[in-house]
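# Secondary and tertiary structure notes
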Amino acid sequence: MVSDRIAQVERILDGVMDPELPFLTITELGMIQGCDLDEDGTVVIRLTPTYSGCPATDAIQDDIKSALQPVEPRFRIDIVHAPAWTTDWISAEAREKMRLNGIAPPEGTSADKAFLLGKSHTVPCPRCASEDTRLVSPFGSTACKAHYQCNACAEPFDHFKCF
Amino acid sequence: MADQEHEWILRLGDDALVLAQRLSEWCSHGPALEEDIALSNIALDLLGQARALLTLAGQREGLGRDEDALAYFRTDREFRNALLVELPNGDFGDTIVRQMLFDQFAVLRYEALASQTVDLELAAIAAKALKEVRYHAAHSAQWVVRLGDGTEESHRRVQESLNMLWPYTAELFEDDAVSKACNEAGVLPLNASFTARWTEQVRAILEEATLTCPESTALLTGGRSGRHTEHLSYMLAEMQVLQRTYPGAEW
Ligand SMILES: [Zn+2]
């Protein structure tokens, strides 16, 4: 019974899309840290924001509420800060989906501080796969992305930063 | 936990909030679209940090004040930010030099906070913020180098920015009863302990930028105890007017 409720919530959460990357679910992005029951029988969903100021966090909470309300009204969303979200939690499938949608996925792991040391590593163009690309700006259309351009096919594109 | 810790967290939160508000003034006024977006993104990161920090400060204070009560319903004399972050944006050179001076300090402060184990909630917020401010620091340092080591005019103008802002930096490293109490509780080293590394890193950036590091003379201070420049009052008037006119308004 208890596990049924949790399983149902997890199934519903699997259908909640990220508003800024609408082809990925919040689960695929690693934003759900877990669900369980508290002593009152309320389902507690632990949500971690990607960036401190990500405006999508409020929108995501609203989306979770409207998805869960009709089937599981007894729930609560706790925002958790530790451990800090990292792009390492983005699955390989999700990275492939980013590429197919024109966004260059994070390269390597967050332990790689290449950018911070002034060296940006190779970010292949999601359109033509050329490795001849250049960083236009480290801050792109949203906080989590940098703005790149492909020197081979001239396509401007977003790169999901390693974080 | 130090009983003055909430006061100390308020300083951190106010640094982030006030600088976020200043940077957001650049939105749609940036020198280039990319930089407009960059400054807005940095403002958003800082605002997110401020929200988490002010929420925590309110909880530690225990008087029932939430992030909105602290952001919108305190007067200028009750703000605890350093003077550096409340100064008007000036031109892009002024803004980016201020940002570099602050970012280099913010990285050191968040590194220390993220590694302490006395206040784990504060450590979690700091660990997240640290990742963000490292990106900001890389960006602002790169711009200072580009402008300092750029044209004759860009060099002259950012040197003037630096000379104008430098007297405000010493305040970041001051200690008082609050910071000493937090240090004794193990939450954070004294602000003065960041001086050497900050100076070393800033000097390295300035050297690469071919800029001259000003001799520190005047010490402009007072923000931590609520004695601000008039600029903060005007800024808060704009930031707070809606909530003060229609308390609790949402949109
Ligand atoms: Zn290409």
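Here, the structure is the one placed above.
Below, the structure is looked at part by part.

Conventions adopted
- Residues numbered from 1 in each chain as written.
- Chains lettered and ligands numbered in written order.
- Predicted model: local features only at pLDDT ≥ 70, side-chain atom pairs only at ≥ 80, totals over all residues.
- Heavy atoms only, no water.
- Helix = DSSP H or I, 4+ residues; strand = E, 2+ residues; numbered from the N terminus.
- Buried < 20%, exposed > 50% of the residue type's maximum accessible area, 1.4 Å probe, protein only.
- Areas by Shrake-Rupley, 256 points an atom, 1.4 Å probe, with all protein chains shown as cover.
- Lys, Arg positive; Asp, Glu negative; His and termini not counted.
- Charge placed at Lys NZ, Arg CZ, Asp CG, Glu CD.
- Rg over C-alpha atoms; globule rule 2.2 N^0.38 Å.
- Contact = heavy atoms within 4.5 Å.
- Donors = N, O, S within 2.8 Å, 3.2 Å for Na, K, Ca; no water.
- Tetrahedral: all angles 85-135°; square planar, octahedral: opposite > 155°, others 65-115°.
- Patch = residues over 30% accessible without salt bridge, like charges linked within 9 Å, V, L, I, M, F, W, Y side chains within 5 Å.
- Salt bridge = Lys/Arg side-chain N within 4 Å of Asp/Glu carboxyl O.
- Phe/Tyr/Trp six-rings, centres within 6.5 Å; stacked < 30°, edge-to-face > 60°.
- Pairing = 2+ DSSP bridges.
- Buried area = accessible area lost by both parts, 1.4 Å probe.
- Polar contact = N/O pair within 3.5 Å; in protein donor to acceptor, adjacent residues only side chain to side chain.
- Nonpolar A, V, L, I, M, F, W, Y, C, P; charged D, E, K, R; others polar.

### Quick notes on the overall build of chain A
For chain A, the count of helices and strands is 3 helices and 7 strands. Secondary structure elements of chain A occur, N-terminal to C-terminal, as α-β-β-α-β-α-β-β-β-β. Residues counted as buried form 49% of the 163 residues belonging to chain A. Split by element, the accessible area of chain A, about 7500 Å² in all, is 51% carbon and sulfur. One finds the centroid of the 15 positive side-chain charges in chain A at a distance of 3 Å from the centroid of its 24 negative side-chain charges.

### As for the overall build of chain B
Looking only at helices and strands, chain B has 10 helices and 0 strands in total. The linear arrangement of helices and strands in chain B, starting from the amino end, is α-α-α-α-α-α-α-α-α-α. In terms of C-alpha radius of gyration, chain B reaches 18 Å, essentially the compact-globule figure of 18 Å for 251 residues. On the principal axes, the C-alpha backbone points of chain B span a range of 55 × 40 × 30 Å. Counting all 251 residues of chain B, 55% fall into the buried class. Counting contacts in chain B only where the partners sit at least 6 residues apart, residues at least 24 apart contribute 80% of the total. Summed over all atoms, the accessible surface of chain B reaches about 10800 Å², with 53% contributed by carbon and sulfur.

### Examining the coordination of the zinc ion
Around the zinc ion, the protein contributes the donor atoms Cys125 of chain A (SG), Cys128 of chain A (SG), Cys150 of chain A (SG) and Cys153 of chain A (SG), at 2.3 to 2.4 Å from the metal centre. The coordination sphere of the zinc ion comprises 4 donor atoms, whose angles at the metal cover 105 to 113°; the geometry is tetrahedral.

### Regarding a nonpolar patch on the surface
A cluster of nonpolar side chains, Val241, Leu242, Tyr246 and Trp251 of chain B, forms an exposed patch at the surface whose accessible area comes to about 540 Å². Structurally, the position occupied by Trp251 of chain B is in the segment after α10 (230–245).

### Examining the packing of aromatic side chains
The tally for this structure, following the rule as stated, stands at 10 aromatic pairs over all chains. The interplanar angle of 25° and the centroid separation of 5.8 Å between the aromatic rings of Tyr148 of chain A and Phe157 of chain A together place this pair among those described as stacked. We classify Phe157 of chain A as buried; its relative accessible area is 4%. A ring pair is formed by Phe105 of chain B and Phe194 of chain B, whose centres lie 6.0 Å apart and whose planes are at 85°; its orientation type is edge-to-face.

### Some thoughts on the sheet that holds strand β6 (residues 145–150) of chain A
Residue and element names in this part refer to chain A. One open sheet holds the 4 strands; their spatial order is β4-β7-β6-β5, and the pairing between them is mixed. A strand with exactly one partner marks an edge of an open sheet, and here the two such strands are β4 (103–104) and β5 (133–137). Where β5 meets β6, 4 bridges bridge the pair, whose relative direction is antiparallel. Directly across from Arg134, in β6, lies its bridge partner Gln149.

### Structural notes on the interface of chain A and chain B
If you look at the interface, chain A gives 26 residues, while chain B gives 22 residues. With both chains or domains summed, chain A and chain B bury close to 2100 Å², and 66% of this area falls on carbon and sulfur atoms. When the buried area of chain A at its contact with chain B is split by residue, Ser52, Phe139 and Phe163 of chain A rank highest and sum to 32% of it. At the boundary of chain A and chain B, one finds 1 salt bridge. Notably, a salt bridge pairs Arg51 of chain B with Asp58 of chain A, separated by 3.7 Å at the nearest N-O pair. Counting across the interface, chain A meets chain B through 7 residue pairs in polar contact (both at pLDDT 80 or more). Class assignment for the residues of the side of chain A that touches chain B results in 14 nonpolar, 9 polar and 3 charged.

Keep in mind these numbers describe shape, not what the thing actually does.
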